[in-house]
Protein chains: 4
Amino acid sequence: MKAQVSDYCYMAIDLDGPEFLRDQVAAILRARIESGEYPPRRRIPPEAEFIEEFGVSRPTVRAALAILEDEGRIVTRRGKGRFVAGAES
Amino acid sequence: MKAQVSDYCYMAIDLDGPEFLRDQVAAILRARIESGEYPPRRRIPPEAEFIEEFGVSRPTVRAALAILEDEGRIVTRRGKGRFVAGAES
Amino acid sequence: MKAQVSDYCYMAIDLDGPEFLRDQVAAILRARIESGEYPPRRRIPPEAEFIEEFGVSRPTVRAALAILEDEGRIVTRRGKGRFVAGAES
Amino acid sequence: MKAQVSDYCYMAIDLDGPEFLRDQVAAILRARIESGEYPPRRRIPPEAEFIEEFGVSRPTVRAALAILEDEGRIVTRRGKGRFVAGAES
DNA sequence: GTGGTCTAGACCACC
DNA sequence: GTGGTCTAGACCACT
């Protein structure tokens, strides 16, 4: 059921992909944004959901989301959630 | 103050060089696993403890642990520690 | 499935509003401290556990814990947890 | 002996200063760089030393150092240490 | 009930 | 023996 990023040394989701879990999670979420699965200006799932989905720790999820925020793909609103970046404020 | 590797070998041999330290450390830890001092499926002490206990460098400890892992005696879980191999759960 | 606060009060009272939940939770926890269920200088369960146990929101739990802290019954250590107050070490 | 940043709810080093430990540590180190205590192109102490000096966790120290790196005040060399930024590479 | 900060401590990669 | 990444889980601030 879960979309495992990796099962820790058992398998990697993509052997040609990013080296670290943080970067792998970021890559998956980046793809979801670019594909429109997470549409502009819409909220993305909370941290807790990614923790469960990918089976990684909260800091790893947060590090991945920080990458996407640095890239300008998402914005964070404390207490409200994270949103896909889009035209206008 | 520190317990040198040679202490654990009961002063039986002199240290001829760092390349032997690795095997000596591995031998000590292997004995602890086989004696049950480190029981199956239990975590073994962290790298840092062996560094201090044996007075050797981190790469030496890691090389010794890699030997035991190659032998299938321990398994490694990043961020969690190393565990003595045992019956599957 | 969840243990409601009212269960812990033995259904003695009805809930007239959320402002009372805080005091009820505080009263339950106060009783646990005084009875020794939560012994001095020991950590009490984390916020999340009380949220689940009592079926109340995080702010309600935190407000209840703040009461106990004001009363000097518990102390808070960020990143570590809350502890029952007791003789100094 | 230690230059405490704060003793966790007991006192803050500067009540008008930064709100978070991370920012407080960053501010102290920033001041040392600007004062010349940590001169340009010289190595600054390792993470472990700041952990001990300030009595904070490793992630907090790293977060503080990340701020200074973002500001361009220090550069990081894996396996070698962190250095105060200075003219020329 | 979200994200924000912090603690503690593990193993990893590199020098 | 440095910095890099990761785990696990606590409390905090805000909505």
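Further up the page is the structure itself.
Please read these numbers as outputs of a predicted model, since none were measured by experiment.

**Q** Give a description of the protein's contact with DNA strand E that names residues and reports values.
**A** Among the 36 residues in the neighbourhood of DNA strand E, the closest are listed as A:Arg58, B:Arg82, D:Leu21, D:Thr60 and D:Arg78. Restricting attention to atoms of DNA strand E within 4 Å of the protein, one finds that 71% of them are sugar or phosphate atoms. Contributing elements (two or more residues each) for the surface near DNA strand E: helix H3 (58-70) and strand S2 (81-84) of chain A, helix H4 (58-70) and strand S2 (81-84) of chain B, helix H4 (58-70) of chain C together with helix H1 (21-35) and helix H3 (58-70) of chain D. At 3 residues, the largest contribution of residues to the surface near DNA strand E is made by H3(D). Taken together, the residues that form the surface near DNA strand E break down as 8 nonpolar, 10 polar and 18 charged.

**Q** Run through helix H3 (residues 47-54) of chain B, naming residues and quoting values.
**A** Helical geometry: 3.6 residues make up each α-helical turn, so side chains three or four residues apart lie on a common side. Residue and element names in this part refer to chain B. Residues Glu47, Phe50, Glu53 and Phe54 constitute the buried set of H3. Take H3 and look down its axis: the buried residues cluster within an arc of 130°, on one side only. Just beyond H3, the residue with positive phi is Gly55, at close to 65°.

**Q** Any chance you could break down the pattern of salt bridges for me, citing the residues and the numbers?
**A** Following the criterion strictly, the structure yields 32 salt bridges over all chains and no others. Here C:Arg22 ties to C:Asp23 by a salt bridge, and the two come within 3.1 Å at their closest N and O atoms. The exposure class of C:Asp23 is partly exposed, given its relative accessible area of 34%. A salt bridge links C:Arg30 to C:Glu71, with the shortest nitrogen-to-oxygen separation between them at 2.9 Å. Here C:Arg30, found in helix H2 (residues 18-35), pairs with C:Glu71, found in the loop between H4 and strand S1 (74-77); they are 41 residues apart in sequence, far enough to count as distant. Taking relative accessible area as the criterion, C:Glu71 reaches 35% and is therefore assigned partly exposed. One continuous salt-bridge network, built from bridges that share partners, spans A:Arg30, A:Glu34, A:Glu71 and A:Arg73.

Criteria and thresholds
Residues numbered from 1 in each chain as written. Chains lettered and ligands numbered in written order. Predicted model: local features only at pLDDT ≥ 70, side-chain atom pairs only at ≥ 80, totals over all residues. Heavy atoms only, no water. Near = heavy atom within 4 Å. Helix = DSSP H or I, 4+ residues; strand = E, 2+ residues; numbered from the N terminus. Nonpolar A, V, L, I, M, F, W, Y, C, P; charged D, E, K, R; others polar. Buried < 20%, exposed > 50% of the residue type's maximum accessible area, 1.4 Å probe, protein only. Arc of directions from axis to C-beta. Salt bridge = Lys/Arg side-chain N within 4 Å of Asp/Glu carboxyl O.

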